[in-house]
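Remarks on the overall topology
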Amino acid sequence: MRKGLLTCILALSVTTAGASEFMEFGAKDFKSTKLKKSKWVFDVGANYMAYPTTLPGFKGTHADIKENSDQDIYGVNLGFGGEIYMGAGLSSTIKIGGFYSKTMDETTGKAAKDVDIDLAEKSTDHMVSGGEASISLNYLFETKSHGIQPFAEFGVGAGTARVEQRYSYEGLEGGTNPNPESYDVKVEEGFSYARTTIGLNVISATGILFFTKVSRLGMVVNKRETKGTIQTAAKSSESDVGSKQADINESNEVFMATLGMGFLF
């Protein structure tokens, strides 16, 4: 990931180095010559989101999987575009970008504290990604050393989500719960969304910016496919679970928080 980001930054620098209207990256006179002009922007951030998942419900000896729950997911996002300066501190930024979030969690349960036998295992693999176009309205306050720029942003985009939930319990003869259990389900979704955001940029004298923002995503899930197997303690074999839904038009509200940095040139 770091090598890819450095490659992108280097490619942008090489591409724009020969254009007279672009500032040299990190130029010491950026604040006095470019801050109040139209410019390009590239940013990268770390994000957190609570994504709503829909899974077949399950209650076992060592696992309780709810049909509907929010999953905490962490990831990165990228954006590239242009800031159009309109005068009197006002500007508008048009960007294209995307995000990729992935969280994995795995736990193993022992038969007992003094018995080194793995009796139960549970894992979750959750991924959400999306691409979008956005526009923002910004207002710049200047100080001697940097610029403070609050902004409001609106974006529209589409994305995909995948969650894989696995659980297995071998059972324990002579114990309270002697029968084996298992849960192996994968759900894939496609969605579109409209995003509203408020945030704050802090711009250094050399054109490096740091930002924080909070977003609300009005998300509409338009398709979902579920497949896998489930075995409860009451059954002697696994049962197939599966469905494929199209045009389901399921609305959700998702919140995202992002912290990152960028480059103006």
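For the structure, see preceding data.
Residue positions are given per chain, counting from 1 as you read along its sequence in written order. Confidence filtering applies because this is a predicted model: local features only for residues at pLDDT of at least 70, side-chain atom pairs given and counted only at 80 or more, and all residues used for totals across whole chains, interfaces and linings. The side-chain quantities take in all heavy atoms of the structure and omit both hydrogens and water.

The next point concerns the overall build of the protein. Helix numbering and strand numbering both begin at the N terminus, where a helix is a DSSP run of H or I of at least 4 residues and a strand a DSSP run of E of at least 2. Each helix and strand counted, the protein has two helices and 11 strands in total. The helix and strand sequence of the protein, counted from the amino end, reads α-α-β-β-β-β-β-β-β-β-β-β-β. Residue exposure (1.4 Å probe, protein chains only): buried if accessible area is under 20% of the type maximum, exposed if over 50%, otherwise partly exposed. The buried share of the protein, reckoned over its 265 residues, is 39%. Working rule for contacts: check all heavy atoms of both residues, and any pair within 4.5 Å makes them a contact. When contacts within the protein are restricted to residue pairs at least 6 apart in sequence, those whose partners lie at least 24 apart make up 69%. Carbon and sulfur atoms make up 58% of the accessible area of the protein, which amounts to about 14,500 Å² in all. For the accessible areas, the method is Shrake-Rupley and the probe is 1.4 Å, while residue cover comes only from the protein chains on display.

This part covers unusual backbone geometry. The phi dihedral of alanine 88 is positive, around 55 degrees, even though this residue is not glycine. Look at aspartate 247: it is not a glycine, yet its phi comes out positive at around 55 degrees.

Let's shift gears to the pattern of salt bridges. Salt bridges are defined by distance alone: a side-chain nitrogen of Lys or Arg within 4 Å of a carboxyl oxygen of Asp or Glu. Within the structure shown, the criterion is met by 16 salt bridges. Glutamate 164 is the partner of arginine 162 in a salt bridge, and the nearest nitrogen-oxygen pair spans 3.3 Å. For the pair shown, arginine 162 and glutamate 164 are each scored as buried. Here arginine 224 ties to glutamate 189 by a salt bridge, and the two come within 2.7 Å at their closest N and O atoms. One end of the pair, arginine 224, is in strand β10 (residues 208-231); the other, glutamate 189, is in strand β9 (residues 181-204), and 35 residues separate them in sequence.

This part takes up empty space enclosed by the protein. Residues are called lining when one of their atoms sits within 4 Å of a cavity or pocket point, these points coming from a 1 Å grid over the protein atoms alone, where a cavity is a set in which a 1.4 Å probe fits but cannot get out and a pocket is an open set with protein on both sides within 12 Å along at least five of seven lines. Grid points are joined across faces, edges and corners, and a volume is the space filled by probe spheres set on the points. Per the stated rule, a full pass over the model turns up four cavities of 30 Å³ or more. Lining the largest cavity are 20 residues, with Asn77, Leu78, Glu132, Arg195 and Lys213 sitting closest to its centre. Listing elements by their share of the lining of the largest cavity, those giving two or more residues are β4 (68-87), β5 (90-112), β6 (115-139), β9, β10 and β11 (239-264). Examining the composition of the lining of the largest cavity, we find that five residues originate from one element, β5, more than from any other.

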